[in-house]
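# Chains, contacts and geometry: an overview
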Amino acid sequence: MITHDSMKLFLLQLLAHVGLLGLFLYGETYHFGITLFVYFLTGCFGMTMTFHRGLSHNSWNMPTWFKYFGTICGIYGLTGSSISWVASHKKHHAFSDTEKDPHSPLTKGIFKVQFLSMFEPVHIKYVTNMLRDPFHLFLHKNYFKIHALIIVALLLLDPMLLIAAYLAPAAILWNLGSAVNNLNHLYGYKPHVTNDHSTNNLFTGYLVWGEGWHNTHHAHPKRSMFGEQWWEVDIGGSLIELIGTKS
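Residues numbered from 1 in each chain as written. Predicted model: local features only at pLDDT ≥ 70, side-chain atom pairs only at ≥ 80, totals over all residues. Heavy atoms only, no water.

## Quick word on the overall build of the protein chain
To keep things clear, this is the line we draw: We count a stretch as a helix when DSSP gives it H or I for four or more residues in a row; a strand needs E for two or more, and each element gets its number in order from the N terminus. For every residue, the accessible area obtained with a 1.4 Å probe (protein chains only) is divided by the maximum for its type, and the residue is called buried under 20%, exposed over 50%, and partly exposed between those limits. Computed by Shrake-Rupley with a 1.4 Å probe, the accessible areas treat only the displayed protein chains as cover when residues are assessed. Under the convention used here, Asp and Glu are negative, Lys and Arg are positive, and both His and the chain ends fall outside the count. Charge coordinates come from a single atom per side chain, which is NZ of Lys, CZ of Arg, CG of Asp or CD of Glu.
Counting secondary structure elements, the protein chain contains 13 helices and two strands. For the protein chain, with 247 residues in total, the buried portion stands at 56%. In the structure as shown, the protein chain presents an accessible area of about 11200 Å², 69% of it carried by carbon and sulfur atoms. Measuring between centres, the 16 positive side-chain charges of the protein chain sit 11 Å from its 14 negative side-chain charges.

Below is the structure:
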């Protein structure tokens, strides 16, 4: 089985949420700009383009430089290693909205999906290819050492930088990523017939780099572009078309 080293990740996320509160209490305008920029790096380049559409679904041919850059962005986002994230997501597609789904609100409940999904273990069989990759294996084994170094370095530079450039964007990424798992299996519209309760949702569609066109993704998981209608803006898919090719 593969876990996120669940309690450590949970405690770091608690710290990240405290940091988000600190941003609103003490942050200057430019601190909010830093937070949004880092959320773009971790959420769009990291989670959406690399962890999800690249590593989980192999829906586009990532240039080698982007594979490394995007993975580092995703690791920095504090949602688990690339190996654990991909394993969880592949199991979600294999058992979507059933008891075996690691993050279905219909079976696990909204609160657990939103805040406690790191406690759901997944099987090694979903990521055997990644476990043979020294790059991903190194990041998985040293995940918390890497984050300890990040925290110490930013704290020494500027405590507010630790908040604005690390903790606050990590809390935003966690909550909006979890919102996709929740809202996109509860509310929205279904342009495609699928064997689960996946929906497209405007809220997550716009805020999570196109991830909210979730029913379309479940209907066509190998597509790198999730948006189909003119209003379904898909920033992640559009950037993929700029820098890569479909697999």
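## Brief notes about the pattern of salt bridges
Where we set the bar: Criterion for a salt bridge: a side-chain nitrogen of Lys or Arg within 4 Å of a carboxyl oxygen of Asp or Glu.
Evaluated as defined, the whole model comprises six salt bridges. Salt-bridge contacts for Arg53 lead to Glu211; the nearest nitrogen and oxygen are separated by 3.2 Å. Here the residue Arg53 occupies a position in helix α2 (residues 29-56), and Glu211 occupies one in the loop between α11 (202-207) and α12 (214-219), the gap between them amounting to 158 residues. No difference in accessibility class separates Arg53 from Glu211, as the two residues are buried. Of the charged contacts in the structure, one is a salt bridge between Asp234 and Arg53, with a shortest N-O distance of 2.9 Å. With a gap of 181 residues between them, Asp234 in the loop between α12 and α13 (235-243) and Arg53 in helix α2 connect regions that are remote in the sequence. With relative accessibility at 2%, the residue Asp234 sits in the buried group. Its relative accessible area of 0% is what places Arg53 among the buried residues. Here the residues in one salt-bridge network are Arg53, Glu211 and Asp234, joined through shared partners.

## What to know about helix α9 (residues 143-157)
The cut-off we apply is this: Under the convention used throughout, the expected extent of a helix is 1.5 Å for every residue step, that is, one less than its residue count. Arc definition: it is the arc formed by the directions from the helix axis to the C-beta atoms. Contacts: residue pairs with any heavy atoms within 4.5 Å of one another.
The terminal C-alpha atoms of α9 lie 21 Å apart, and with 15 residues this matches the ideal 21 Å at 1.5 Å per residue to within 8%. Of the residues making up α9, those classed as buried are Tyr143, Phe144, His147, Ile150, Ile151 and Leu154. Here the buried residues of α9 occupy an arc of 115° about the axis, which is enough to place them on one side. Summarising the geometry of α9, the exposed residues directed more than 90 degrees from the buried face are Lys145, Leu149 and Leu156. Elements that come into contact with the buried residues of α9 comprise α1 (6-26), α3 (64-76), α8 (134-141) and α10 (159-183).

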